[in-house]
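# Summary of the model geometry
Chain by chain, the residues run as shown.
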Amino acid sequence: MTLYLLSLLGVAVFAASGALAAGRKGFDLIGVVVISAVTAIGGGTIRDVLLDRHPIFWIADPLQLVVILAAAALTLVYVRFRKPPWTALLVADALGLALFSISGARIAEQQGLPGTIVVVMGTITGSAGGVLRDILSAEVPLLLRHTELYATAAIVGITVYLLAQRGGLATTPAALLGMGVVAAIRFAAILWRLRLPVFQVPDEG
Amino acid sequence: MTLYLLSLLGVAVFAASGALAAGRKGFDLIGVVVISAVTAIGGGTIRDVLLDRHPIFWIADPLQLVVILAAAALTLVYVRFRKPPWTALLVADALGLALFSISGARIAEQQGLPGTIVVVMGTITGSAGGVLRDILSAEVPLLLRHTELYATAAIVGITVYLLAQRGGLATTPAALLGMGVVAAIRFAAILWRLRLPVFQVPDEG
Amino acid sequence: MTLYLLSLLGVAVFAASGALAAGRKGFDLIGVVVISAVTAIGGGTIRDVLLDRHPIFWIADPLQLVVILAAAALTLVYVRFRKPPWTALLVADALGLALFSISGARIAEQQGLPGTIVVVMGTITGSAGGVLRDILSAEVPLLLRHTELYATAAIVGITVYLLAQRGGLATTPAALLGMGVVAAIRFAAILWRLRLPVFQVPDEG
């Protein structure tokens, strides 16, 4: 129950960040709603399609769509009067990433899949929505560029979650530990501008 | 039967509009065929994948692909001799949107899904093909930008279709009414340049 | 068994070409791994989702992901010391295209699907990974532009494979013949710059 409420919060945060991204591109109302929805539920949708889990989570629970609409509308109203709270949004986005990554990993785990696939599915759940948002905005996904550890935070956190369980920790504390690691790495990366090395290949000519 | 013929007509129209879009980007023959196919059957494919309907409609009925090839070929030949009939295409595209939106909604309805999901699935069926076309052309999807009510027309028309049924109307007249509303809104929007408000968020700095 | 080893080789080659493409865009390590993976297994993933084949091949066999990581890492190390072997890569890519197209076609064939769908599924298996790679790089897919016969090579090779079987040839020699045709057309196209005609439509105005 708490987990469900937390996941709705994650959906709301991702939807708000999607609405702001759409606003920066000058999209219209439909564009804002589409980008909000894709950012919020795109990762979980890809996970469900790849794992053949039907009905897909938001088809089974349309409340998700209501939360997205409400979050997008609130964002629209809020920025009429004040500047977007960028710092609060970064914090909320990191928590959303932590929550979605670990909950996505648990879903793959419950299907008895091996560790590599659990890490991949958790990472997709947490970060593919943002990739779809960038593709729809005709931009190179932030995730692929030289950004402050995003997918990396998810990968490390999920790995810690899996190892903690193998080390004997129960699922719930292991999940909390994993989420903490994801959020901590992301926060640290933003604070100290930690990035992965860039890889440059010269053009063919 | 009539509905099936109408849907093939919708596929042909969307394929022709895809071929013209590919031509404006200077794609080669394969590019034209791929864009035609993606525009024509992309929306229905995403709907079928999300709803776990297999075999996907065009795998179950390869005639769809034949119609796409024929429509793309005819378009190629036609524009060698004459200017593309832009106005006729806009009209045909609006009819295709109307047809696909309502038929997609009916498919979701037959699976016993709630109203919100029916509206979403109908809108995806009608408009996601054009979004895929734009993504493949590396352009910001027309749907998200400041365009004349497109997804909006689908959303309103499907809602009218659902409400008309709850109000006691039989499925067929309700479907015709819904299609009429979709097409009418789209026509009106093109004629009088009706658009949704744009939502602008200043950049972070 | 040999076919399985060959398919892992195809995955490795496509992953290496993806890593180089990511390097030319200046992506970071995660970007390189994501683009490698998408290039290598994107086509087969789309095929499996469209055909409702679960578990998807790389979920059933995570060794595929290990091969991708190894190939991307080797590529990263190699280009630190030497120029990328562009010609060898073009040859390897053509072999990968040949292998994936025919193996994708065989999978569709085993599901009893008609010839058109077999050709489409084989072509998607061989070439959709590269399309996803280009979309993630925010570029117009090479496949759609004026490139040296790529999808065309797959389409002709798969058709030859199907016709050879109907003409009485056993599956294995027919498959080898089909792969040979794909690779030969692609090699010839690169050598003599064979391209499909471009289709130009003037803009609306």
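Residues numbered from 1 in each chain as written. Chains lettered and ligands numbered in written order. Predicted model: local features only at pLDDT ≥ 70, side-chain atom pairs only at ≥ 80, totals over all residues. Heavy atoms only, no water.

### Examining the overall build of chain A
A tally of regular secondary structure across chain A gives eight helices and zero strands. Going from N to C terminus, chain A has its helices and strands arranged as α-α-α-α-α-α-α-α. C-alpha atoms of chain A, sized along the principal axes, occupy 50 × 50 × 35 Å. Burial analysis of chain A (205 residues in total) assigns 57% to the buried set. Looking at chain A alone, contacts between residues at least 24 apart form 74% of all its contacts between residues at least 6 apart. A total of about 8700 Å² of accessible surface is found on chain A, and carbon and sulfur atoms cover 69% of it. Separation between the mean location of the 14 positive side-chain charges and that of the 11 negative ones in chain A comes to 10 Å. (Helix = DSSP H or I, 4+ residues; strand = E, 2+ residues; numbered from the N terminus. Buried < 20%, exposed > 50% of the residue type's maximum accessible area, 1.4 Å probe, protein only. Contact = heavy atoms within 4.5 Å. Areas by Shrake-Rupley, 256 points an atom, 1.4 Å probe, with all protein chains shown as cover. Lys, Arg positive; Asp, Glu negative; His and termini not counted. Charge placed at Lys NZ, Arg CZ, Asp CG, Glu CD.)

### Points about the side chain of Asp93 of chain B
All names here are of chain B. Relative to the helices and strands, Asp93 resides in helix 5 (residues 86-110). Arg186 provides the closest opposite charge to the buried, salt-bridge-free Asp93, at an N-O distance of 4.6 Å. If near-sequence neighbours (up to four positions away) are discounted, Asp93 is found in contact with Val13, Phe14, Ser17 and Tyr150. (Salt bridge = Lys/Arg side-chain N within 4 Å of Asp/Glu carboxyl O.)

### Some details on the interface of chain B and chain A
Chain B puts 33 residues into the contact, and the matching count from chain A is 31 residues. On inspection of chain B and its partner chain A, the count reaches zero salt bridges. The interface formed by chain B and chain A includes two residue pairs in polar contact (both at pLDDT 80 or more). Grouping the constituent residues of the side of chain B that touches chain A by class yields 23 nonpolar, five polar and five charged. (Polar contact = N/O pair within 3.5 Å; in protein donor to acceptor, adjacent residues only side chain to side chain. Nonpolar A, V, L, I, M, F, W, Y, C, P; charged D, E, K, R; others polar.)

### Looking at the relation of the copies chain C and chain A
Of the transformation placing chain C onto chain A, the axial shift is 0.0 Å and the rotation is 120°, giving an RMSD of 0.0 Å. As the rotation angle and translation indicate, the two copies are arranged about a three-fold axis. Distance from the rotation axis, computed per C-alpha, reaches its smallest value in chain C at Ala138 of chain C: 3.5 Å. (Least-squares fit on C-alpha atoms with pLDDT ≥ 70 in both.)

### Looking at helix 5 (residues 86-110) of chain C
Helical geometry note: an α-helix holds 3.6 residues per turn, so side chains three or four residues apart project in the same direction. In this model helix 5 of chain C runs 36 Å from its N-terminal to its C-terminal C-alpha over 25 residues, within 8% of the 36 Å that 1.5 Å per residue would give. Gly112 of chain C sits one or two residues past helix 5 of chain C and shows a positive phi near 75°. (Expected span 1.5 Å × (residues − 1).)

### Brief notes about the interface of chain C and chain A
Counting residues at the interface gives 32 residues for chain C and 33 residues for chain A. With both sides pooled, the region where chain C packs onto chain A buries about 2600 Å², and carbon together with sulfur makes up 74% of that total. Considering only the side of chain C, the residues that lose the most area to chain A are Asp28, Ile30 and Ile59 of chain C, jointly responsible for 22% of the buried surface there. For the pair chain C and chain A, the interface holds zero salt bridges. Across the chain C-chain A interface, the total number found is two residue pairs in polar contact (both at pLDDT 80 or more). The set of elements that each furnish at least two residues to the side of chain C that touches chain A consists of helix 1 (2-24), helix 2 (29-51), helix 3 (57-60), helix 4 (63-81) and helix 6 (115-136) of chain C. Top contributing element to the side of chain C that touches chain A by residue count: helix 2 of chain C, with eight residues. The residue makeup of the side of chain C that touches chain A, split by class, is 22 nonpolar, six polar and four charged. (Buried area = accessible area lost by both parts, 1.4 Å probe.)

### Brief notes about the nonpolar core
The tendency in soluble globular proteins is for nonpolar side chains to be buried as a group. Counting residues in each nonpolar core, the largest one holds 215 residues, and the members touching the most others are Trp58 and Ile59 of chain A, Trp58 and Ile59 of chain B together with Trp58 and Ile59 of chain C. Here Ile59 of chain C is in contact with Leu50, Leu51, Leu113, Ile117 and Met121 of chain A, once residues within four sequence places are set aside. (Core = buried A, V, L, I, M, F, W, Y, C linked by side-chain atoms within 4.5 Å.)

### Let's talk about the packing of helix 6 (residues 115-136) of chain A against helix 7 (residues 151-166) of chain A
Geometry of a packed helix pair, given as the angle between the helix axes and the separation of the axes. Residue and element names in this part refer to chain A. Relative to each other, helix 6 and helix 7 sit at 140°, their axes nearing to 9 Å. Relative to helix 7, the element helix 6 is oriented oblique. In terms of crossing hand, the pair formed by helix 6 and helix 7 is right-handed. Where helix 6 abuts helix 7, its residues Gly115, Val118, Val119, Gly122 and Thr123 lie against Ala151, Ala154, Ile155, Ile158, Thr159, Leu162 and Arg166. Its residues assigned to classes, the contact of helix 6 with helix 7 comprises seven nonpolar, four polar and one charged. (Axes fitted to C-alpha atoms, helices over the stretch in contact; angles between N-to-C directions. Parallel < 35°, antiparallel > 145°, perpendicular 65-115°, else oblique. Left-handed = near helix turned anticlockwise from the far one by under 90°.)

### Notes on the relation of the copies chain B and chain A
Of the transformation placing chain B onto chain A, the axial shift is 0.0 Å and the rotation is 120°, giving an RMSD of 0.0 Å. Comparing interface residues between copies, only 12% of those in chain B also lie at the interface in chain A; the contact surfaces differ.

### Notes on the pattern of salt bridges
Residues and elements named next belong to chain A. Under the defined criterion, the tally for this structure stands at 18 salt bridges over all chains. Here Arg53 and Asp48 are joined by a salt bridge, their closest N and O atoms 2.8 Å apart. Because the salt bridges share partners, they merge into one network encompassing Arg47, Asp48 and Arg53.

### A closer look at the packing of aromatic side chains
All names here are of chain B. Under the definition given, this model contains three aromatic pairs over all chains. On the numbers, 4.9 Å between centres and 55° between planes, the contact of Phe14 with Phe100 is tilted. With Phe14 in helix 1 (residues 2-24) and Phe100 in helix 5, this pair connects stretches of sequence that are 86 residues apart. Phe100 carries the same exposure label as Phe14, and that label is buried. Here Arg47 stacks its cationic end above the ring of Phe57, 5.6 Å away from the centre of that ring. (Phe/Tyr/Trp six-rings, centres within 6.5 Å; stacked < 30°, edge-to-face > 60°. Lys NZ or Arg CZ within 6 Å of the ring centre and 35° of its normal.)

### Concerning the confidence of the model for chain A
Put simply, chain A has an average pLDDT of 91, and 98% of its residues get 70 or more. Here the complex is predicted with pTM 0.95, and the ipTM for its interfaces comes to 0.93. (pLDDT = per-residue confidence, 0-100.)

### What about unusual backbone geometry?
A cis amide bond links His54 of chain B to the next residue, Pro55 of chain B, at an omega of -10°. Following the sequence through the fold, Pro55 of chain B ends up in the loop between helix 2 (29-51) and helix 3 (57-60). Of note in this structure, Arg193 of chain A is not a glycine but carries a positive phi near 50°. If you trace the backbone, Arg193 of chain A turns up in the segment after helix 8 (171-191).

### Here's the deal with a nonpolar patch on the surface
Residues and elements named next belong to chain B. Where nonpolar side chains cluster on the molecular surface, the patch consists of Tyr4, Leu5, Leu63 and Val66 and spans about 330 Å² of accessible area. For the nonpolar patch, the secondary structure elements donating two or more residues are helix 1 and helix 4 (63-81). Tyr4 gets classed as partly exposed once you look at its relative accessible area, which sits at 30%. (Patch = residues over 30% accessible without salt bridge, like charges linked within 9 Å, V, L, I, M, F, W, Y side chains within 5 Å.)

### Some words on the side chain of Asp28 of chain B
For Asp28 of chain B, the location among the structural elements is in the loop between helix 1 and helix 2. Of the side chains bearing the opposite charge, Arg195 of chain C lies closest to the buried Asp28 of chain B, which forms no salt bridge; the N-O distance is 7.8 Å. Within the local environment of Asp28 of chain B, its side chain forms a polar contact with the backbone nitrogen of Ile30 of chain B, the two atoms lying 3.2 Å apart. Apart from the residues within four sequence positions on either side, Asp28 of chain B is in contact with Leu143, Leu144, Arg145, His146, Thr147, Leu196, Pro197 and Val198 of chain C.

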